[in-house]
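Take a look at the letters that make up each chain.
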Amino acid sequence: MKSVIIAGAVLLLASVTGCYYDNKQELYGSCDSSNVTFATTIEPIINANCVGCHGSSSPSAGISLVGYDQVALAANNGRLVGTMNNTGGHMLMPPGGKLDNCKLNQVNKWIRNGLPK
Ligand code: HEC
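Residues numbered from 1 in each chain as written. Predicted model: local features only at pLDDT ≥ 70, side-chain atom pairs only at ≥ 80, totals over all residues. Heavy atoms only, no water.

1. Describing the coordination of the iron atom of the ligand
Thought 1: Those donors, H54 (NE2) and M93 (SD), are the protein atoms that reach the iron atom of the ligand, and they lie 2.0 to 2.2 Å from it.
Thought 2: Geometry at the iron atom of the ligand is octahedral, judged from its 6 donor atoms and the angles of 85 to 178° they form at the metal. Here M93 lies in the loop between α4 (79-85) and α5 (101-112) and H54 lies in the loop between α2 (38-49) and α3 (68-76), a separation of 39 residues in the sequence.
Thought 3: A relative accessible area of 11% places H54 in the buried class.
Thought 4: Residue M93 is classed as partly exposed on the basis of its relative accessible area, which comes to 22%. (Donors = N, O, S within 2.8 Å, 3.2 Å for Na, K, Ca; no water. Tetrahedral: all angles 85-135°; square planar, octahedral: opposite > 155°, others 65-115°. Helix = DSSP H or I, 4+ residues; strand = E, 2+ residues; numbered from the N terminus. Buried < 20%, exposed > 50% of the residue type's maximum accessible area, 1.4 Å probe, protein only.)

The following block contains the structure:
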């Protein structure tokens, strides 16, 4: 009887941790921040989420985010992270809602690594 209870407890534990692991995989598994560069990771994020309003002709707030130089400028003056995280008195960007954690982590990593092209 005792062994049945123990076996049950082990099974329960296995299923709980298994589930936890699955969730973790789902949250972080597909988030590759191991080799973040502008061309492979950052530019697609910016193009999909920012350039619609911050394009090269008459961009919102006069801030163009087209190409490496413009995005690096925003990264260096703190506006990129400030707006994406809604910190430091910056407005939240994109205005419709924060990017997911994976993208925010990738942007942070890119900045920490010195803005690799
Ligand atoms: C739907 C249009 C839209 C999108 C998408 C958008 N922005 Fe903006 N952004 C604006 C507008 C409009 C302003 C100016 C708001 C104001 O001054 O009232 C602005 C202002 C800014 C500013 C200056 C304001 C500050 O607080 O520093 C930055 C930097 C910025 N956006 C970055 C971004 C980034 C980065 C993205 C993508 C993650 C993005 N924006 C996506 C419309 C947009």
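2. Regarding the layout of surface pockets
Thought 1: In this structure, the largest pocket occupies an estimated 370 Å³ of space.
Thought 2: Lining of the largest pocket is provided by 18 residues; of these, H54, I63, L65, T83 and M93 occupy positions nearest its centre.
Thought 3: Broken down by element, the residue count for the lining of the largest pocket peaks at 4 residues, all from α4.
Thought 4: Among the residues making up the lining of the largest pocket, the classes are represented as 12 nonpolar, 5 polar and 1 charged. (1 Å grid on protein atoms, 1.4 Å probe; cavity = no way out; pocket = protein on both sides within 12 Å on 5 of 7 lines; lining within 4 Å. Points joined across faces, edges and corners; volume = space filled by probe spheres on them. Nonpolar A, V, L, I, M, F, W, Y, C, P; charged D, E, K, R; others polar.)

3. Concerning the state of the cysteines
Thought 1: This model, assessed by the stated rule, comprises 1 disulfide.
Thought 2: The disulfide bridge from C31 ends at C102, spanning 2.2 Å between sulfur atoms. Between C31 and C102, the disulfide has an S-S torsion of 95° and is therefore right-handed. On the criterion of sequence distance, the pair formed by C31 in the loop between α1 (2-29) and α2 and C102 in helix α5 is long-range, its members being 71 residues apart.
Thought 3: What makes C31 buried here is its relative accessible area of 14%. (Disulfide = S-S within 2.5 Å.)

4. With respect to the packing of aromatic side chains
Each pair of aromatic rings is reported with the distance of its centres and the angle of its planes.
Thought 1: As enumerated under the stated definition, the model contains 3 aromatic pairs in all.
Thought 2: For the pair F38 and Y68, a centre-to-centre distance of 5.3 Å together with 90° between the ring planes defines the contact as edge-to-face. Of this pair, F38 sits in helix α2 while Y68 is found in helix α3, placing the two residues 30 residues apart along the sequence.
Thought 3: Judged by its relative accessible area of 5%, F38 falls in the buried class.
Thought 4: Among the aromatic residues, those joined into a ring-pair cluster are F38, Y68 and W110.
Thought 5: The positively charged end of K117 is found above the aromatic ring belonging to Y68, 4.8 Å away from the centroid. (Phe/Tyr/Trp six-rings, centres within 6.5 Å; stacked < 30°, edge-to-face > 60°. Lys NZ or Arg CZ within 6 Å of the ring centre and 35° of its normal.)

5. What about the site of the ligand?
Thought 1: Taken together, the neighbourhood of the ligand is formed by 17 residues, with C50, C53, H54, H90 and M93 sitting nearest.
Thought 2: Note that an oxygen atom of the ligand is positioned 2.7 Å from one of the side-chain N or O atoms of H90.
Thought 3: Between an oxygen atom of the ligand and a main-chain N or O atom of M91, the distance comes to 3.0 Å.
Thought 4: With respect to the detected pockets, the ligand is housed in the largest pocket. (Near = heavy atom within 4 Å. Polar contact = N/O pair within 3.5 Å; in protein donor to acceptor, adjacent residues only side chain to side chain. Sits in = over half its atoms within 2 Å of the grid points.)

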